[in-house]
Amino acid sequence: MHPKNLFLASLLFASPLLAQDKPADTSHDMDHMQHGGFMQGGMHHAIAKDVKIEQKIDGHTIVVRIGPMSLPANTNHMKMPQPPDLEWQIPIDGWLLAYTPKLVDANGNEVPGRVLHHTAFWNENRADFLCPNKEEHIFGAGGELTNWAEIPGYGYRVKMGDTIRVETMIHNPTDTSYDKVYLEVTIPYQQADGGAQPKSIYPTWMDVKSCGNSGYDLPAGDSEKTGTVTVKYNGVLLGVGGHMHDYAKQLTLIDVTRKETVATLDAKVDEHGELISMPTVLFLDRGGYKFTAGDVLKISATYDNTTGKLLRDGAMGIVVGYFAPADDSAMAALRRRPAAHHMAGMSHDQ
């Protein structure tokens, strides 16, 4: 596997497919500040009925399946009935190694990825190591359906019964209606008693909104927004990518304490300002970029909004990657009880 592929997953929603939504439409619309903080509040949708989550275990692979979902043609995410939050109970004690999402119909035929606005998996049993007011965001995907490739020797540690809250938002910008669509995420795993144990990695979200909700209003013209987070553990950052919206220019990550620029990520946009891609920066050749507990990280996002008007919830600026702690036992402090709230049913097929 080429190392550049290892962190393509970190780009999450920053794809040319998702960028076809205008910025006012990319405000992630559910208020989950008490849960994760990535999705945004203030908007309400009709709830799609009979959408469930189920899992199938095949060898050393789990397939998580969400659906069925009905997607009428030419329907944006504000008018589309949306799936409720769902809960997936982790069925193994070990490590999740990778994530491969796809959309299929009831007959197993693939459905275009562009009808997925986004999905996000949150571990309700663990706090984010940079922002403990948030749940840990372990996986996400937009319409590009990017695979989160396996990193040899590393994995995401889970315990049997951990509760993963799954948020999914759909839309259909195409001229074709799709009925009974399912989102399937294939997740290889390794049992805790399955031989050599991987090193544990932690999803890393460094946000210009610090530890608050990620979306913010984008003023007309050039603008810059900055925020800081403080590293609480010694370890190394293996690599980073970025998430921005249309009219993006650049994300930078600076270790203020060490007075060093960790990464500069230049956005690629088309002639209309629509986001095409964000780059990745890897630190594998140096064994990772070293962080020390107490380091203050500054995140800056610059935009050039050429519409001439303020775009409500039109921007985000997040540097995302994977962190490998020097002492994984110290991370045990992140575990917590999941919040008590009602979710739609979970079914199992093993």
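Since the structure is predicted, the reported quantities are computational estimates derived from the model, not experimental observations.

S.K.: How would you summarise the overall build of the protein if you had to cite specific residues and measurements?
M.R.: A count of helices and strands for the protein gives zero helices and 25 strands. When the 350 residues of the protein are sorted by exposure, 55% land in the buried category. For the protein, restricting intrachain contacts to residue pairs at least 6 apart in sequence, the fraction spanning at least 24 positions comes to 83%.

S.K.: With reference to specific residues and values, describe the sheet that holds strand E6 (residues 116-127).
M.R.: Pairing is antiparallel across the open sheet formed by four strands, whose spatial order is E3-E9-E6-E7. Unpaired on one side and paired on the other, strand E3 (86-89) and strand E7 (135-141) mark the two borders of the sheet. When the angles between neighbouring strand axes are averaged without regard to direction, this sheet yields 25 degrees. Alignment of E3 against strand E9 (residues 163-170), held across four bridges, turns out to be antiparallel. Across the sheet, Gln-89 pairs through a bridge with Thr-163, a residue of E9.

S.K.: Please give an account of the side chain of Ser-200 that cites residues and values.
M.R.: Its place among the elements puts Ser-200 in strand E11 (residues 199-200). A distance of 3.2 Å separates polar atoms of two side chains, one belonging to Ser-200 and the other to Trp-95.

S.K.: Describe in detail empty space enclosed by the protein, supporting the description with residues and values.
M.R.: Scanning all chains against the criterion turns up four cavities of 30 Å³ or more. Put simply, the largest cavity is a space of about 110 Å³. Lining the largest cavity are 15 residues, and of these Leu-96, Leu-97, Tyr-99, Ile-201 and Tyr-322 sit closest to its centre. Here the lining of the largest cavity takes three residues from strand E8 (residues 154-158), the largest share from any one element. A per-class count over the lining of the largest cavity returns 13 nonpolar, one polar and one charged.

S.K.: A description of the side chain of Ser-214 should follow, citing residues and the corresponding values.
M.R.: For Ser-214, the position within the fold is in the loop between strand E12 (202-207) and strand E13 (216-218). Of note is the side chain of Ser-214, whose polar atom sits 2.5 Å from the side chain of Asp-207.

S.K.: Could you give me a rundown of the state of the cysteines, with the residues and numbers involved?
M.R.: Applying the stated criterion across every chain, the model contains one disulfide. Two residues share a disulfide in this structure: Cys-131 and Cys-211, whose sulfurs sit 2.0 Å from each other. Because the torsion about its S-S bond is -75 degrees, the bridge between Cys-131 and Cys-211 counts as left-handed. On the criterion of sequence distance, the pair formed by Cys-131 in the loop between E6 and E7 and Cys-211 in the loop between E12 and E13 is long-range, its members being 80 residues apart. On the accessibility criterion, Cys-211 (25% relative accessible area) is partly exposed.

S.K.: Got a sec to walk through the layout of surface pockets? Specific residues and values, please.
M.R.: Remark: the empty space left among the atoms is shown by a probe the size of a water molecule rolled over them. Of the voids in this model, the second largest pocket is the one considered here, and its volume is about 170 Å³. Its residues assigned to classes, the lining of the second largest pocket shows four nonpolar, one polar and five charged.

S.K.: How would you sum up the packing of aromatic side chains? Please name residues and give values.
M.R.: Evaluated as defined, the whole model comprises six aromatic pairs. Their ring planes at 15 degrees and their centres at 4.8 Å tell us that Tyr-99 and Phe-139 sit as a pair that is stacked. You can see Tyr-99 sitting in the loop between strand E4 (94-96) and strand E5 (100-104) and its partner Phe-139 sitting in strand E7, a full 40 residues away along the chain. With a relative accessible area of 0%, Phe-139 lands in the buried category. Centre to centre, the rings of Phe-129 and Phe-323 are 4.7 Å apart; their planes meet at 15 degrees, and the pair counts as stacked. Within this pair, whereas Phe-129 is found in the loop between E6 and E7, its partner Phe-323 is found in strand E24 (residues 318-325), the two being separated by 194 residues in sequence. Here Phe-129 and Phe-323 have matching classes, each one buried. Through a chain of ring-to-ring contacts, the aromatic side chains of Trp-88, Tyr-99, Phe-121 and Phe-139 assemble into a single cluster. Its guanidinium or amino end placed over the ring of Trp-95, Arg-157 lies 4.7 Å from that ring's centre, counting from NZ or CZ. Geometry around Tyr-216 places Lys-225 over its ring, the cationic atom sitting 5.2 Å from the centre.

Parameters at a glance
- Residues numbered from 1 in each chain as written.
- Predicted model: local features only at pLDDT ≥ 70, side-chain atom pairs only at ≥ 80, totals over all residues.
- Heavy atoms only, no water.
- Helix = DSSP H or I, 4+ residues; strand = E, 2+ residues; numbered from the N terminus.
- Buried < 20%, exposed > 50% of the residue type's maximum accessible area, 1.4 Å probe, protein only.
- Contact = heavy atoms within 4.5 Å.
- Pairing = 2+ DSSP bridges.
- Axes fitted to C-alpha atoms, helices over the stretch in contact; angles between N-to-C directions.
- Polar contact = N/O pair within 3.5 Å; in protein donor to acceptor, adjacent residues only side chain to side chain.
- 1 Å grid on protein atoms, 1.4 Å probe; cavity = no way out; pocket = protein on both sides within 12 Å on 5 of 7 lines; lining within 4 Å.
- Points joined across faces, edges and corners; volume = space filled by probe spheres on them.
- Nonpolar A, V, L, I, M, F, W, Y, C, P; charged D, E, K, R; others polar.
- Disulfide = S-S within 2.5 Å.
- Phe/Tyr/Trp six-rings, centres within 6.5 Å; stacked < 30°, edge-to-face > 60°.
- Lys NZ or Arg CZ within 6 Å of the ring centre and 35° of its normal.

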